[in-house]
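If you want the building blocks of each chain, they are given just below.
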Amino acid sequence: MADIKKRLSTNVKGPFFVDSTCINCDACRQLAPASFVEQGEYSTVFAQPATGREILEAYRALLACPVGSIGVISIDKPRRQEAMESFPLQIEGSVFYNGFNSEKSFGASSYLIQHPEGNWLIDSPRYVKRLVEAFEQMGGVRYIFLSHEDDVADAWRYARHFGATRIIHRADVAAEPDAEWVIEGEGIVEVAPKFLIIPSPGHTPGSMVLLHDNRYLFSGDHLFWDRDTETLRLPSVYLWSEAAILRSAERLLEFSFEWILPGHGDRARCQKSAMHEALQSLLTTRRQMSRMS
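Reference entry: report on the structure contained in this document. In this text, all values refer to a predicted model and were calculated from it rather than measured experimentally.

## Structural notes on the overall build of the protein chain
Step number 1: The secondary structure content of the protein chain amounts to seven helices and 19 strands.
Step number 2: Here the C-alpha radius of gyration of the protein chain, 19 Å, is about what a compact globule of 293 residues would show, namely 19 Å.
Step number 3: The dimensions of the protein chain, computed from C-alpha atoms along their principal axes, are 55 × 50 × 35 Å.
Step number 4: A sequence separation of at least 24 residues applies to 56% of the contacts in the protein chain between residues at least 6 apart.
Step number 5: Approximately 13,100 Å² of the protein chain is accessible, and the part contributed by carbon and sulfur atoms is 50%.
Step number 6: Separation of charge centres in the protein chain, based on 31 positive and 38 negative side chains, amounts to 4 Å.

## Details of the sheet that holds strand β6 (residues 95-97)
Step number 1: An order of β5-β6-β7-β8-β9-β10-β11 is seen for the seven strands of this open sheet, with the pairing classed as mixed. The outermost strands of the open sheet, each flanked by one partner alone, are β5 (89-92) and β11 (181-183). The average angle at which neighbouring strand axes cross in this sheet is 25°, direction not considered.
Step number 2: Inspection of the sheet shows strand β10 (residues 165-169) paired to β11 by three bridges, in the parallel sense. Looking at the pairing, H169 lines up with I183 of β11.

## Here's the deal with the packing of helix α2 (residues 52-64) against helix α3 (residues 77-85)
Step number 1: In the contact formed by α2 and α3, the axes pass within 8 Å of each other and the chain directions differ by 65°. Regarding the angle of α2 to α3, the classification is roughly perpendicular. In the crossing of α2 with α3, the sense of the turn from one axis to the other is right-handed. Contacts from G52, I55, L56, Y59, R60, L62 and L63 in α2 reach R79, R80, E82, A83 and M84 in α3.

## Looking at the pairing of strand β14 (residues 208-212)
Step number 1: Where burial is concerned, most of β14 is hidden: five out of the five residues are buried.
Step number 2: Residues M208, L210 and H212 of β14 are buried on one face, and the alternating residues V209 and L211, pointing to the opposite face, are buried as well.
Step number 3: Relative to β14, strand β13 (residues 195-199) runs antiparallel, the two sharing five bridges. Each residue of the ladder has a partner; that of L196, found in β14, is L211.
Step number 4: Pairing of β14 with strand β15 (residues 216-220), which is carried by three bridges, proceeds in the antiparallel orientation. Within β15, the residue paired with L211 across the bridge is L217.

## Some points on the sheet that holds strand β19 (residues 268-269)
Step number 1: Sheet architecture is open: six strands sit in the order β12-β13-β14-β15-β18-β19, paired in mixed fashion. Every interior strand has two partners, whereas the edge strands, β12 (189-192) and β19, have only one.

## Here's the deal with the packing of aromatic side chains
By convention here, two paired aromatic rings are described through the distance between centres and the angle between planes.
Step number 1: Scanning the entire structure with this criterion turns up ten aromatic pairs.
Step number 2: Taking the centre distance of 4.6 Å and the plane angle of 40° together, the rings of W120 and Y143 count as tilted. On the criterion of sequence distance, the pair formed by W120 in strand β8 (residues 120-122) and Y143 in strand β9 (residues 143-145) is long-range, its members being 23 residues apart. As far as the burial class goes, W120 and Y143 line up, both buried.
Step number 3: When the ring of F135 is compared with that of F162, the centres are 6.3 Å apart and the planes differ by 55°; the resulting orientation is tilted. Residue F135 is located in helix α4 (residues 129-137), and its partner F162 is located in helix α5 (residues 155-162); the two are separated by 27 residues in the primary sequence. No difference in accessibility class separates F135 from F162, as the two residues are buried.
Step number 4: Following the ring pairs from residue to residue traces out a cluster consisting of F87, Y97, F100, Y111 and F218.
Step number 5: Over the ring of Y97 we find R267; its NZ or CZ atom is 4.5 Å from the centre of that ring.

Basis of the calculations
Residues numbered from 1 in each chain as written. Predicted model: local features only at pLDDT ≥ 70, side-chain atom pairs only at ≥ 80, totals over all residues. Heavy atoms only, no water. Helix = DSSP H or I, 4+ residues; strand = E, 2+ residues; numbered from the N terminus. Rg over C-alpha atoms; globule rule 2.2 N^0.38 Å. Contact = heavy atoms within 4.5 Å. Areas by Shrake-Rupley, 256 points an atom, 1.4 Å probe, with all protein chains shown as cover. Lys, Arg positive; Asp, Glu negative; His and termini not counted. Charge placed at Lys NZ, Arg CZ, Asp CG, Glu CD. Pairing = 2+ DSSP bridges. Axes fitted to C-alpha atoms, helices over the stretch in contact; angles between N-to-C directions. Parallel < 35°, antiparallel > 145°, perpendicular 65-115°, else oblique. Left-handed = near helix turned anticlockwise from the far one by under 90°. Buried < 20%, exposed > 50% of the residue type's maximum accessible area, 1.4 Å probe, protein only. Phe/Tyr/Trp six-rings, centres within 6.5 Å; stacked < 30°, edge-to-face > 60°. Lys NZ or Arg CZ within 6 Å of the ring centre and 35° of its normal.

Given below as structure tokens:
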């Protein structure tokens, strides 16, 4: 829980607040956009939640915060419990956002795909009782797809509990050296029908994305949606290789998807043709920037 003594002066008056331990990971702004906004190097409360839905969203943000930077002066225990039980949060169909983001992955989002042939955990949230019990009720975890070395978090604990197979690329395997399945090279791997692993070096040498059902692209830190400009974006900092990430992004033009589901940055859905156009526009812009630099 946040420390009231460290409450940021940018918070509006009221029960919810963000303190100075915030790492500006964006989780709260995604979960409760009516209450939280980025201001400078931190998130802050720009409007106190007023409706039942807004209060529930604020409690979800409080629980998801990887460093416990969100506080509330007087806890509404029933509402907090409701928020707790809402995770994993359904995005669409069999795809869920797990919440409980981990400080070990700088607050990256993680996801679950519920599937009759075995569920997939995409990157790792914190290892918490609520999620362990929820995953058990949903059929356990068969595969843990690790998009890159930064977001492995507590993957080994989930793997041990569920007897799951962790999947990571050879170039990033130092982050999870005892992973059960190590992907080699840059060839596309079809793990099961409708599950494609696409190596996408750039952010790290071993970055990968997972395409499910030609609809959902779990992009790690390779590609994300910018809610302010309503465009796709590639990371512009913390890159292993600018040239490699552009090649990897261009490769994705060969595939169709409607959803972009990243570790960092916003998730979004649009028609496949619009997503393709957004990716093409991104590549054109980044190439122009590269030529100018």
